[in-house]
Amino acid sequence: LVFNTVAGLSKCTREDGTNAIEEPNISIERQPGITAMDEAMIFKIGLNNEGYGSSTFSFYHDRVDNEDGLAIVADGLGDDAWSLTGTHVGGTTSIVTLTIQLGPESKSIYSPVELHLQSQCDDSAINTVELYNQQDSDGNKYITFTPLCLDVEFYGSFDAVFSTNEDTLEVAVQNPENRPAEYHNARTQMRDMVNLDSVKIEYRKVTSRTINLGWTPASGKDGEVINFKTLDETING
């Protein structure tokens, strides 16, 4: 005799003609946008079982995608005991907060990382999403942190408040990312910083009557506004 199953529930693996107890579903409920390098990238992840019963699942990310060592943290991430009740029998979606922080090399751009929700007893019962926050016009996805604004400093004994009767004043600024003595330093000149548009200084005249006469951008001897980003740069300024 040959029997055909026409009803019932099954898992590990699901039998034809029955309703699946396990049908994992993972979704990105909130995706971050622009995130500064000194902040955590925050995702909201939805986990549910769209099956007809309760079962346990593994919630994890692919370490092979994370060769640059991004710090990925979430409640239950890597846990093999996520118990989820099927939405067809009253189960709901669990919302998990997941954070991503820079890897040890402090790179700003990384490849996306896959996140999985998988049955503990059936490798084919798996659902996957990609973690990323930027996508280019060609559809390429990235985890991208925005570099911080450069904290340019005056170099030498120059004081932000000065008095002069001369027509010109010699000023030097220093790029803190190009100091050879620093323990961790990218040694990147300002002209090579793609997120930096310009570096300018402004001044204003202060008299005994008023201290707010408006700011004027500093100009060179040629009358053009000085953009320090485009000038020759040494490790001293």
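What counts as what
- Residues numbered from 1 in each chain as written.
- Predicted model: local features only at pLDDT ≥ 70, side-chain atom pairs only at ≥ 80, totals over all residues.
- Heavy atoms only, no water.
- Disulfide = S-S within 2.5 Å.
- Helix = DSSP H or I, 4+ residues; strand = E, 2+ residues; numbered from the N terminus.
- Buried < 20%, exposed > 50% of the residue type's maximum accessible area, 1.4 Å probe, protein only.
- Pairing = 2+ DSSP bridges.
- Axes fitted to C-alpha atoms, helices over the stretch in contact; angles between N-to-C directions.
- Salt bridge = Lys/Arg side-chain N within 4 Å of Asp/Glu carboxyl O.
- Contact = heavy atoms within 4.5 Å.
- Core = buried A, V, L, I, M, F, W, Y, C linked by side-chain atoms within 4.5 Å.

*Asks:* Describe the state of the cysteines, and please don't skip the residues or the numbers.
*Replies:* Taken as a whole and judged by the stated rule, the model has one disulfide. Covalent S-S linkage joins Cys12 and Cys121, the inter-sulfur distance amounting to 1.6 Å. Within this pair, whereas Cys12 is found in the loop between strand 1 (9-10) and strand 2 (19-20), its partner Cys121 is found in the loop between strand 10 (113-119) and strand 11 (126-131), the two being separated by 109 residues in sequence. A relative accessible area of 35% means that Cys12 is categorised as partly exposed.

*Asks:* Break down the sheet that holds strand 4 (residues 41-49) for me, with residues and values.
*Replies:* Strand order in the open sheet made by the four strands is 3-4-8-6, with antiparallel pairing throughout. Among the strands making up the open sheet, the edge pair consists of strand 3 (24-30) and strand 6 (71-74). Sheet twist, expressed as the mean angle between neighbouring strand axes with direction ignored, is 30 degrees.

*Asks:* Before we move on, can you summarise the pattern of salt bridges with the specific residues and values?
*Replies:* If you walk through the whole model with that rule in mind, you get three salt bridges. In this structure, Lys141 engages Glu130 in a salt bridge whose closest nitrogen and oxygen atoms are separated by 3.2 Å. Separated by 11 residues along the polypeptide, Lys141 in strand 13 (residues 141-144) and Glu130 in strand 11 bring together distant segments of the chain. Judged by relative accessible area, Lys141 falls into the partly exposed class, the value being 28%. A residue is classified by how much of its surface remains accessible, and Glu130, at 29% relative accessible area, is partly exposed.

*Asks:* Account for the side chain of Thr144, with residues named and values stated.
*Replies:* Note on placement: Thr144 falls in strand 13. With a relative accessible area of 19%, Thr144 lands in the buried category. For Thr144, the contacting residues outside a window of four places in its chain are Thr35, Met41, Ser108, Ile109, Asn133 and Gln134.

*Asks:* Could you give me a rundown of the pairing of strand 11, with the residues and numbers involved?
*Replies:* Sheet topology places strand 10 next to strand 11; six bridges connect them, and they run antiparallel. Bridging from a neighbouring strand, Gln118 pairs with Ile126 of strand 11. Where strand 10 folds back on strand 11, the antiparallel hairpin that results is connected by six residues.

*Asks:* Describe the nonpolar core, naming the residues involved and giving the relevant values.
*Replies:* Counting residues in each nonpolar core, the largest one holds 24 residues, and the members touching the most others are Ile45, Leu47, Phe59, Leu98 and Ile100. Listed by contribution, the elements that provide at least two residues to this core are strand 4, strand 5 (54-61), strand 6, strand 7 (79-85), strand 8 (94-101), strand 10 and strand 11. Among the elements that make up this core, the one with the highest residue count is strand 4 (four residues). The contact partners of Ile45, leaving out residues within four places of it in the chain, are Ile26, Ser27, Ile28, Glu29, Phe59, Ser94, Ile95, Val96, Leu98, Leu115 and Leu131.

*Asks:* Please give an account of the environment of Ser94 that cites residues and values.
*Replies:* Examined against the element boundaries, Ser94 turns out to sit in strand 8. With a relative accessible area of 25%, Ser94 lands in the partly exposed category. In this structure the C-alpha to C-alpha distance between Ser94 and Ile26, which are 68 residues apart in sequence, comes to 9.7 Å. If near-sequence neighbours (up to four positions away) are discounted, Ser94 is found in contact with Ile45, Gly46, Leu47, Trp82 and Leu84.

*Asks:* Explain unusual backbone geometry to me, using residue names and the numbers behind them.
*Replies:* In the Ramachandran plot, Ser106 falls in the positive-phi region, its phi being about 55 degrees despite a non-glycine side chain. By the element assignment, Ser106 lies in the loop between strand 8 and strand 9 (109-110).

*Asks:* Mind laying out the environment of Ala218, listing which residues take part and the relevant values?
*Replies:* Structurally, Ala218 is set in the segment after strand 17 (216-217). The buried category is assigned to Ala218, whose relative accessible area is 11%. Spatially, the C-alpha atom of Ala218 lies 5.8 Å from that of Ile201, the residues being 17 residues apart in sequence. With sequence-adjacent residues up to four places away left out, Ala218 is seen in contact with Ile201, Glu202, Tyr203, Glu224, Val225 and Ile226.

*Asks:* So what's going on with the sheet that holds strand 12 (residues 134-135)? Which residues, and what values?
*Replies:* Strands belonging to one sheet form pairs held by backbone hydrogen bonds; the direction of such a pair is parallel or antiparallel. In space, the three strands of this open sheet follow the order 9-13-12, with antiparallel pairing throughout. Every other strand in the sheet has two partners, leaving strand 9 and strand 12 as the edge strands with one partner each. Both strand 9 and strand 13 contribute to a ladder of two bridges, which runs antiparallel. Residue Tyr110 lies in a different strand from strand 13, and its bridge partner there is Ile143.

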